[in-house]
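Examination of the molecular architecture
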Amino acid sequence: MAQARLGAQKPDKIEIADYEPIRSMRNVPTTEYYVPGHRTCGGCMPALAYRLTALAAGPNTVFAGPTGCMYVANTSYLCGPWAVPWIHTQITNGGAVISGIAAAYKAMIRKGKYDGEYPNIICFAGDGGSSDIGLQALSGAMYRNHDLLFITYDNEAYANTGIQVSPMTPYGAYTTFTPPGKVVPDAKPLFPKDLLKMVAAGHPAVKYLATASVSYPLDLMNKVRKALAVKGPTFMHIHAPCPKGWSFEAHRGPEIGKLAVETGMWTLYEIEDGHVKVNVRPRKWRPVKDYVATQGRFSHLTDEMIQRLQAFVDAKLADLGLEAEPPTPVPPVAG
Amino acid sequence: MPRKVRIAGAKATAEAVKAANVDVICSYPIRPYTGTMIELARMVADGELDAEFVHGEGEHAQLSVVLGASAAGARVFTGTSGVGATYAFELYSPIAGEFHPVQCMIANRTLDPPGDFGSEHTDALSARDQGWLMGWAASPQEAYDNTLIYYRLGEDPRVMLPQFPCQDGYFISHISGEVELADSDQVEEFLPPFNPRNKLDPRQPVLMGPQCRADQGAAIELGRAEAMVRAREVIPSVIADFNRVFGRNYSPFLQEYMTEDADMVFFGQGAHTVPARLAAERLRKDGLKVGVVQLRFMRPFPTDEVAEALSRFKVVGVLEISNSFGAVYDSGPVTAEVLSALYYAPAQPKVLTFLGGLGGENIRLADYYEMARAMKAAADAERLKKRVFWLGFEPLHVA
Amino acid sequence: MATQANLIEVTIWFRGVTEARLARRLANAIASAGAREGKFVQAFDNYADSPDRIDVPCRSYARLCVEPIAEPYIYENHSPSVVIVTEATLLKGCNVLKGLEPGGVLVVNTNRGPEAMLALLQDLPNLHRLKTLATIEVGNVALPYVPYGAGEGAVDTATQLKGAPILLGAFSRASGVVSIESLKAIERDHHGLELGYNETELLENPGYIPEEPTVEVLAEGYRSKVDLVIPAPAPGGENEDMITGNYRQQRPVIDLGKCTLCRMCWISCPDSCIEVPGRSGERIAVNLKYCKGCGVCWSVCPVEGAIRPEPELNYAGDVVRITY
């Protein structure tokens, strides 16, 4: 396993409460807190991410849901599927609203105004509400040492508004704001932000961060439990394939999520007290081409563009100490 | 025992917030309201006030933090000024629409441009239609009192609305005056603990703010409108209660000064009504019967009270400390409300608008005299040639 | 009840995302053909159905009128004269005859024939207003998978889709709302138009009861206030206000003899619709009231044939009809 240190200095030791890891499928609790009845797409993987998070977190939980599919589709109309408290937040401010909830519980418990246990406080934000318009609030929440969990469910676009580019959209992907055309043949010409690294690098209060994928449900749920057990702010970045946005058949979400991990388009790792631990490392990396072929959003890509994407993935893996062999030569950047 | 101190409005507000025993405070620096937060930070650090003091990463975050905290069941406080108030604008409607009785004090400051620090009411008034209670203090004492009054009003189960207690930046926030600080028995008697209508409690889960269809939108907004109407009904009894407990003498909506025999009145909010009173006294010597009507609540706007009170006079001179570019008669938001209220009044006085104090500039005593003379000329004139003036930029010739 | 005596409303029911382009194409072509015939026309999507989600029942509309349309800015067709259904299981899950004008026409894309479609409509209160039922086999219009369902508010006049002309031909034949000649000026695929026109199977509804059309009168009474804070469903419960079984075109059928109870389907279901154990005591069951038929369960199942998809139309019940 790769061992590297990432992030700023960590002056305090990690403080982690007892929690029950889920060791096998049999151990997964069966009481749903994200119940049937939401207007998400058939095969919606962000919905699965929500369900798994709610299963792992259990009843003593408060969710905040910034604007996005997981607000609009889940609450169409004047109803919702959560069996725990949930509050809508603006797409801008999920991190700030959960900061307020956390501060309130801390104060109310201290002052004897609340006699329950401190709840799990979870913001479940999309990639736009985390890496783009919500970045400032996310940073504030991670910086201030509240006891809360910020989860980014990443479907790599503003999906609720009809699939528009976000900072998490991969290079080369079609969105309605990045259509491939004569002048811009590669659709999205930019490479995505590295959100987890941004959070890790600049927020010393954050002792636990993890990526996860809906295609690895036990890993995801255990990370949720661990993140909630860690005292202080924690961050999770969940890869959640979007059949509408990425243009694949509704039943293929779990397969495509897995393919992302097997090609290195997504990596499962956690950072605990500054130490990086990669959770899934395929024996042999599959080419990015295999992943790209599964989704309509990449259907316009030429071999050269795919090679450029492969080089980006190789560099990202190398950064985690997971060099692909042999490394792909970097194609020239388009003018 | 209540005790008297000499402090400015910013600090007076902090004292009242402490007296209200808030649970969560969210700060962000911007002049001139900052003094309140500096004082609260000290109180929390020294253990005088047991509250979570959260450093917001901007005004937008401030309002978001207190929204979340109020939704969880905490009594909350935040504050801002000028462009900070407009940066946070997105949150005003969700906070009111979900009935979180958040208190956000505004120490007024002009927007950019002109970018100076002076007091102008445009920052707060631009947010007047979102379902927040709003009104101005004319002294540090009134700033202190309003903080407590607004918590009581906003958290009233019939109201449950957020509040903007405003004070003119610098004039009220920075210039000290005598303030009587309440003792805890008085506060306990006047302000019951916050009992939210709904809260994010895992033991009784609710969903707050789901998406609705177009045909459900009005049905939701009606609730906010009705809460504002009920606030108007509740205000007189709350003010009476406050006067009883604290020994003050506030009118619920309109504080009148030397109006019994007045032909004409200055009508305004906040700090600028104070020199207007002195002007009114002195102008009596010149034979000008001028009074002052101070508006204590902009929202809910006291329509009937304004219509009834102002129809007693020949001329009303509105001190318009705010811009509303392109507004009716090119006046301003207060004039627009006054004119509307007077439409169904028993009698219609002539209404002049004096756009002054903009960018925070001073309105000097001489200006009040000049305004009074213009009002007198208006009273005598058969018809008015001009009714809206930029104070100091043009002669106040009404006829 | 029409809002305007001369107004002809055409409603197209379709599956979100996968059939959105087709539905918009139909609505735009019908409106354009109507305009060629000198009518005042509109084409629009139901705004509350947007953003559309994969397989969610959605509506697109066309309106045609010999005089200016009296209420042009309205969210939906309240009283369609013609209803086109792009995918037949929508008949099972939706009230496709809602507000139907007397003498109404229903055009369905199916290979099962009009009698089978009529059987699906027996519980609908407006069935007696349906005069003509037309079916045409266009095939699975969601295949081949057309990526990038066009954006909201966009028009798809430029898009040529194989299924559209066939359905338009059937629509023209069954309803006569626009002529096949007018449609030929809009759609390049004249063969498809004629195929649809000639091959459509027509059935006169034996239960049709003629009645005079009436013009809508506003309902009496006032609406009540709505609260923006609502109770949460119970743990392990259901969100009763959003029943999603009507998304389903393919039903997961579990072969208990083959199922190893590995729970992969259960853990992978985004809609919490696999139950272990099932509500009635089975070892494993599918919640058909909410199952969207997305296929994730049979895709992740490691045992060949332990869960298999079956066409929903092979089954009589188990879909709660939405009434909007």
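The structure presented is a predicted model; accordingly, all values stated were derived computationally and were not measured. (Residues numbered from 1 in each chain as written. Chains lettered and ligands numbered in written order. Predicted model: local features only at pLDDT ≥ 70, side-chain atom pairs only at ≥ 80, totals over all residues. Heavy atoms only, no water.)

Digging into the packing of aromatic side chains
This structure, assessed with the given rule, holds 33 aromatic pairs over all chains. With a centroid separation of 4.4 Å and an interplanar angle of 5 degrees, the aromatic rings of W82(A) and W86(A) are classed as stacked. The residues W82(A) and W86(A) share a single accessibility class, namely buried. When the ring of W246(A) is compared with that of F248(A), the centres are 6.2 Å apart and the planes differ by 70 degrees; the resulting orientation is edge-to-face. Across the pair, exposure class does not vary: W246(A) and F248(A) are buried alike. An aromatic cluster of three or more residues is present, and its members are Y34(A), Y50(A), F63(A), Y71(A), W82(A), W86(A), F124(A) and Y153(A). The ring of F117(B) carries the charged tip of R31(B) above its face, separated from the ring centre by 4.1 Å. Above the ring of Y257(B), the side-chain terminus of R277(B) is found at 5.9 Å from the ring centroid. (Phe/Tyr/Trp six-rings, centres within 6.5 Å; stacked < 30°, edge-to-face > 60°. Buried < 20%, exposed > 50% of the residue type's maximum accessible area, 1.4 Å probe, protein only. Lys NZ or Arg CZ within 6 Å of the ring centre and 35° of its normal.)

Side note on the interface of chain A and chain B
Much of the literature gives interface size as the accessible area that the parts lose upon coming together. Taken together, the contacts link 44 residues of chain A with 43 residues of chain B. Buried area between chain A and chain B, both sides added, is near 3,400 Å², and the carbon and sulfur share of it is 59%. Counting the surface chain A buries against chain B, the share from its top three residues, Y77(A), L78(A) and K111(A), is 17%. For the interface between chain A and chain B, the tally reads 7 salt bridges. Across the chain A-chain B interface, the total number found is 24 residue pairs in polar contact (both at pLDDT 80 or more). (Contact = heavy atoms within 4.5 Å. Buried area = accessible area lost by both parts, 1.4 Å probe. Salt bridge = Lys/Arg side-chain N within 4 Å of Asp/Glu carboxyl O. Polar contact = N/O pair within 3.5 Å; in protein donor to acceptor, adjacent residues only side chain to side chain.)

Overview of unusual backbone geometry
With an omega of -10 degrees, the peptide bond between S76(A) and Y77(A) qualifies as cis. Across the junction of D112(B) and P113(B), the peptide omega takes the value -25 degrees, indicating a cis bond. For S247(A), which is not glycine, the phi dihedral falls at a positive 65 degrees. Tracing the sequence through the fold places S247(A) in the loop between helix 8 (243-246) and helix 9 (253-263). Notably, F99(B) is not glycine yet its phi reads approximately 60 degrees, a positive angle. With respect to the element layout, F99(B) can be found in the loop between helix 5 (92-97) and strand 5 (103-108). (Helix = DSSP H or I, 4+ residues; strand = E, 2+ residues; numbered from the N terminus.)

Here's the deal with the confidence of the model for chain B
Detailed reading of predicted coordinates is not advised where the pLDDT is low. Mean pLDDT over chain B: 97, with 100% of residues reaching 70 or higher. Scored as a complex, the prediction yields pTM 0.95 and ipTM 0.96. (pLDDT = per-residue confidence, 0-100.)

Examining the pattern of salt bridges
Scanning the entire structure with this criterion turns up 66 salt bridges over all chains. The salt bridge involving D49(C) is made with R59(C); its shortest N-O contact spans 2.9 Å. Note that D49(C) is positioned in the loop between strand 2 (40-45) and strand 3 (57-65) and R59(C) in strand 3, a separation of 10 residues in sequence. Each member of the pair, D49(C) together with R59(C), is buried. A cluster of three or more residues bridged by salt bridges with shared partners is formed by K11(B), E15(B), K18(B), E39(B), R42(B), D46(B) and E48(B).

A closer look at the sheet that holds strand 5 (residues 104-109) of chain C
All names here are of chain C. Read from one edge of the open sheet, 7 strands run 2-3-1-4-5-6-7, paired in mixed fashion. Strands with a single pairing partner mark the edges of an open sheet, and in this sheet they are strand 2 and strand 7 (201-204). Each strand axis lies, on average, 15 degrees off the axis of its neighbour in the sheet, ignoring direction. Relative to strand 3, strand 1 (residues 8-15) runs antiparallel, the two being bridged by 8 bridges. Across the sheet, residue I12 finds its bridge partner in strand 3, namely S60. Here helix 1 (residues 20-36) sits on the sheet in contact with strand 1, strand 2, strand 3 and strand 4 (82-85), set at roughly 5 degrees to strand 3. (Pairing = 2+ DSSP bridges. Axes fitted to C-alpha atoms, helices over the stretch in contact; angles between N-to-C directions.)

Describing the sheet that holds strand 13 (residues 315-320) of chain B
All names here are of chain B. The strand order 10-12-11-13-14-15 describes an open sheet built from 6 strands, whose pairing is mixed. Only two strands of the sheet have a single partner each, and these edge strands are strand 10 (254-257) and strand 15 (388-390). The average undirected angle you get between the axes of adjacent strands in this sheet is 20 degrees. Alignment of strand 11 (residues 264-268) against strand 13, held across 4 bridges, turns out to be parallel. Bridge pairing in strand 13 places V265 opposite V316. Here helix 10 (residues 273-283) sits on the sheet in contact with strand 10, strand 11 and strand 12 (290-295), set at roughly 165 degrees to strand 12. Each of strand 11, strand 13 and strand 14 (350-355) is contacted by helix 12 (residues 333-342), which is oriented at about 150 degrees to strand 13, the strand it contacts most.

Topic: a nonpolar patch on the surface
A cluster of nonpolar side chains, namely F325(B), W390(B) and F393(B), defines an oily patch on the protein surface of about 420 Å² accessible area. Among the secondary structure elements, W390(B) is positioned in strand 15. (Patch = residues over 30% accessible without salt bridge, like charges linked within 9 Å, V, L, I, M, F, W, Y side chains within 5 Å. Areas by Shrake-Rupley, 256 points an atom, 1.4 Å probe, with all protein chains shown as cover.)

Quick word on the interface of chain C and chain A
Between chain C and chain A, the contact holds 51 residues from the first and 54 residues from the second. Buried surface at the junction of chain C and chain A, summed over both partners, amounts to about 4,200 Å²; 59% is from carbon and sulfur atoms. At the boundary of chain C and chain A, one finds 1 salt bridge. D52(C) serves as the salt-bridge partner of K244(A), at 3.1 Å between the closest nitrogen and oxygen. Scanning the region where chain C abuts chain A turns up 21 residue pairs in polar contact (both at pLDDT 80 or more). Elements supplying a minimum of two residues to the side of chain C that touches chain A: helix 7 (264-268) and helix 8 (296-300) of chain C. The dominant element in the side of chain C that touches chain A, judged by the number of residues it contributes, is helix 7 of chain C, at 4 residues. Partitioning the side of chain C that touches chain A into residue classes produces 31 nonpolar, 11 polar and 9 charged. (Nonpolar A, V, L, I, M, F, W, Y, C, P; charged D, E, K, R; others polar.)

Concerning the domain arrangement of chain B
Residues and elements named next belong to chain B. Here chain B is described as being made up of domain 1 (3-246) and domain 2 (254-390). Computed over C-alpha atoms, the centres of domain 1 and domain 2 are 28 Å apart. Tallying the contact residues gives 31 residues for domain 1 and 27 residues for domain 2. Carbon and sulfur atoms make up 57% of the area that domain 1 and domain 2 hide from each other, which totals about 2,100 Å². (Domains from an automatic or database assignment.)

Side note on the state of the cysteines
Residues and elements named next belong to chain C. Applying the stated criterion to the full structure yields 0 disulfides over all chains. With no disulfide partner, C259 has as its closest neighbouring cysteine sulfur the one in C265, 6.3 Å distant. On the basis of relative accessible area, C259 is assigned to the buried category, the value being 17%. No disulfide involves C269; its sulfur sits 4.8 Å from the nearest other cysteine sulfur, which is in C273. What makes C269 buried here is its relative accessible area of 10%. (Disulfide = S-S within 2.5 Å.)

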